[in-house]
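Analysis of the macromolecular model
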Amino acid sequence: MSAGSLEPPDRATLARMSERSAPAWEVVASRRTKRGFIHAWGTASGERPAPRAIYLQSEGPDPRRVFGTLQCRTPTDAARVEVGFSLTGDVAPHDGSALDWSIVLEWPDGRMQQAALEAGGAARRVSPWQRYLRTAARLIDGGDFRTLFSEVQRVLAPEAWSRRDPAAVLAWLRRGGSRLVFVVDHGLGGGANVYGMQRVAELARQGYAVLRLVPDPWTLGYRLLAQRGNQSRAARVGDLAQLRQLYEGLRFDQTWFNNVLSFVDTPGVMAAVREWQVRGALGETTFLVHDFFSVCPSWTLIDHAGRFCGIPAAEVCARCLPQHRAPFLGLARGATIPEWRQRWAPILQDVHEVRCFSEASRALMLRAYPLLPRERLTVVPHQTSELPLRRVGPRDGGAPVVGVVGTISAQKGSEVLRELCRYLRDSGSSMRLVVAGTVELELAPEIATVTGAYRRDELPNLLERHGVNVALLPSVWPETYSYVTDELMQMGLPLLVFDLGAPAERVRGYARGLVMPIAGPEQIEAALMQLYARHVAGARGASA
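This one's a predicted model, so the numbers in the text were calculated from it and none came from an experiment. (Residues numbered from 1 in each chain as written. Predicted model: local features only at pLDDT ≥ 70, side-chain atom pairs only at ≥ 80, totals over all residues. Heavy atoms only, no water.)

1. Concerning the nonpolar core
Soluble, globular proteins show a tendency: their nonpolar side chains are buried together. By size, the foremost hydrophobic cluster in this structure holds 99 residues, and its most contacted members are Y247, W344 and M365. Not counting the four nearest positions on each side in its chain, W344 is found in contact with V260, M270, F287, F293, S294 and Y369. W25, F85, L87 and L117 belong to the second largest nonpolar core, which has 24 residues in total. (Core = buried A, V, L, I, M, F, W, Y, C linked by side-chain atoms within 4.5 Å. Buried < 20%, exposed > 50% of the residue type's maximum accessible area, 1.4 Å probe, protein only. Contact = heavy atoms within 4.5 Å.)

Pasting the structure below:
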């Protein structure tokens, strides 16, 4: 999402903007506040076009804005659009419950809609269970039973609703007499979580007892997930004080920092980790570079204007961060970049290994932390235990059909796709897009088809069914690795990526790949046409 003005619009400004024919969208939301943090989640729905941004805004002399993640959930051929949102941020020194909050919807043409979140406001406050039932009804109506099943599994997972005493869970974990391993991880999904769960499973097979610490955004607290053999226990921890008390007597043989993104009060968590590190409680420690959260709270290194920043001078960062809309940025408690790296530097200095998954990631880490011992920064590409996907025969149906795979958020290139679709529509191009997965923003339905969630083993069939013959990875951040890049190369699809991070590093050696600088939609279309002409054109009914 693009940045707005430094000062949030006040109620009068929002009212004037709302009068400019703002669409009357329905907002249904839940909210929780705790110790200076707020989390709001829900859905906004209405007629096209979809808003480009949804955020929380407080009223009063010191207004706050809280940003987060969005997901456009409605198929592209539907008349109405539904956008899910999850917004989490810091409102200290205020108690979030004492402030009046509104959900603000913002459209690309400047129109805005404000929906008060308080009693009697335009945003309908519902309990989490009411929202879950509403989502289930929408999925049933749309026939999306796969996503429904996945959501039911997530909501009803034992660890999500555990009421166990955390001290009892730790006692159970230690009773087995096994060596202990500590894993710090987020619960946001994606490749980092896949890697983390594979690591936990491997450690359990080796006979270790594993304790995972993950954030719990729904309670603005933390969860402990303990695994011993094939048995598991879970418990919730309300705050850092309780967490510190629980860890007082613990000693681990190993610690894996898989990911620290989205932890409530991230600086406080980092301080606690450093305390445990100093007293020798963490054992042999490995820090995994799945993103660049240790470099900047904007963990993708995307600046406030939506571009890869390249890790500039601190004064550039000082101008950028106050204007930034990155999800979870508020959890950094307003730290400047020098303060942020001063907190991370001793942790990174004292780990046994900083494991990168590409040379590009290693170079960026050393740019931010030039004093780190270079021999400790290793490069170990991901090894997947899953079977390779079968090859897809790109067939020439007379025009390029461009496949985009995954959950396409802002950093994954949702704005690139939106602009490309607009350009293709307005120029009368014969090129079409198929998104196998989901996308944060609404795409022109005349150009793009969005399939929704899919199973990995079904991906080749799904792409063939839609006639995909060329692939695009529109990511605009220097990904530390990319499972999607692996999968597209396994399937043998001609692939275009931007010259950033691990995908570019690997596609340079791919015979059907093309690497280009980030550019506008006209240049992207031309590059895709080049791939199509070279590898697909004329391959009717047979593999190219």
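What follows continues from the structure just given.
2. Some words on the sheet that holds strand 15 (residues 284-288)
Reading across from one edge, 13-12-11-10-14-15-16-17 is the order of the eight strands in this open sheet, with mixed pairing throughout. Unpaired on one side and paired on the other, strand 13 (231-237) and strand 17 (377-379) mark the two borders of the sheet. Pairwise comparison of adjacent strand axes, ignoring direction, gives a mean angle of 20° for this sheet. Across three bridges, strand 16 (residues 353-356) lies against strand 17 in parallel orientation. By the bridge assignment for strand 17, V354 is matched with L377. The sheet contacts of helix 6 (residues 190-205) involve strand 10 (180-184), strand 11 (209-216), strand 12 (221-228), strand 14 (254-257), strand 15 and strand 16, and relative to strand 11 the element is tilted by about 155°. (Pairing = 2+ DSSP bridges. Helix = DSSP H or I, 4+ residues; strand = E, 2+ residues; numbered from the N terminus. Axes fitted to C-alpha atoms, helices over the stretch in contact; angles between N-to-C directions.)

3. Some words on the pattern of salt bridges
For the structure shown, the criterion picks out 22 salt bridges. In this structure, the salt-bridge partner of R333 is D90, at a minimum N-O distance of 2.9 Å. Within this pair, whereas R333 is found in the loop between helix 9 (314-320) and helix 10 (337-350), its partner D90 is found in strand 6 (residues 80-90), the two being separated by 243 residues in sequence. Given the relative accessible area of 16%, D90 is considered buried. We note a salt bridge from E275 to R244, for which the minimum N-O separation is 3.1 Å. Here the residue E275 occupies a position in helix 8 (residues 266-278), and R244 occupies one in helix 7 (residues 240-246), the gap between them amounting to 31 residues. In this structure, a network of salt bridges that share partners links the residues R52, E106 and R325. (Salt bridge = Lys/Arg side-chain N within 4 Å of Asp/Glu carboxyl O.)

4. Some words on the packing of aromatic side chains
Going through the model one piece at a time under the given rule, you end up with 16 aromatic pairs. Where W25 meets W107, the ring centres are 5.9 Å apart and the plane angle is 80°; that geometry is what we call edge-to-face. With a gap of 82 residues between them, W25 in the loop between helix 1 (11-18) and strand 1 (26-34) and W107 in the loop between strand 7 (101-106) and strand 8 (112-116) connect regions that are remote in the sequence. Consider the rings of F293 and W340, whose centres lie 5.1 Å apart with planes at 70°: the pair is edge-to-face. In this pair, F293 is assigned in the loop between strand 15 and helix 9 and W340 in helix 10, connecting sequence segments 47 residues apart. With respect to burial, F293 and W340 carry one shared label: buried. Put simply, the rings of F257, F287, F293, W340 and W344 pair up and form one aromatic cluster. Seen from the ring of Y55, R65 lies directly overhead, with NZ or CZ sitting 5.6 Å from the centre. (Phe/Tyr/Trp six-rings, centres within 6.5 Å; stacked < 30°, edge-to-face > 60°. Lys NZ or Arg CZ within 6 Å of the ring centre and 35° of its normal.)

So far we have only geometry, and geometry alone does not tell us how the molecule works.
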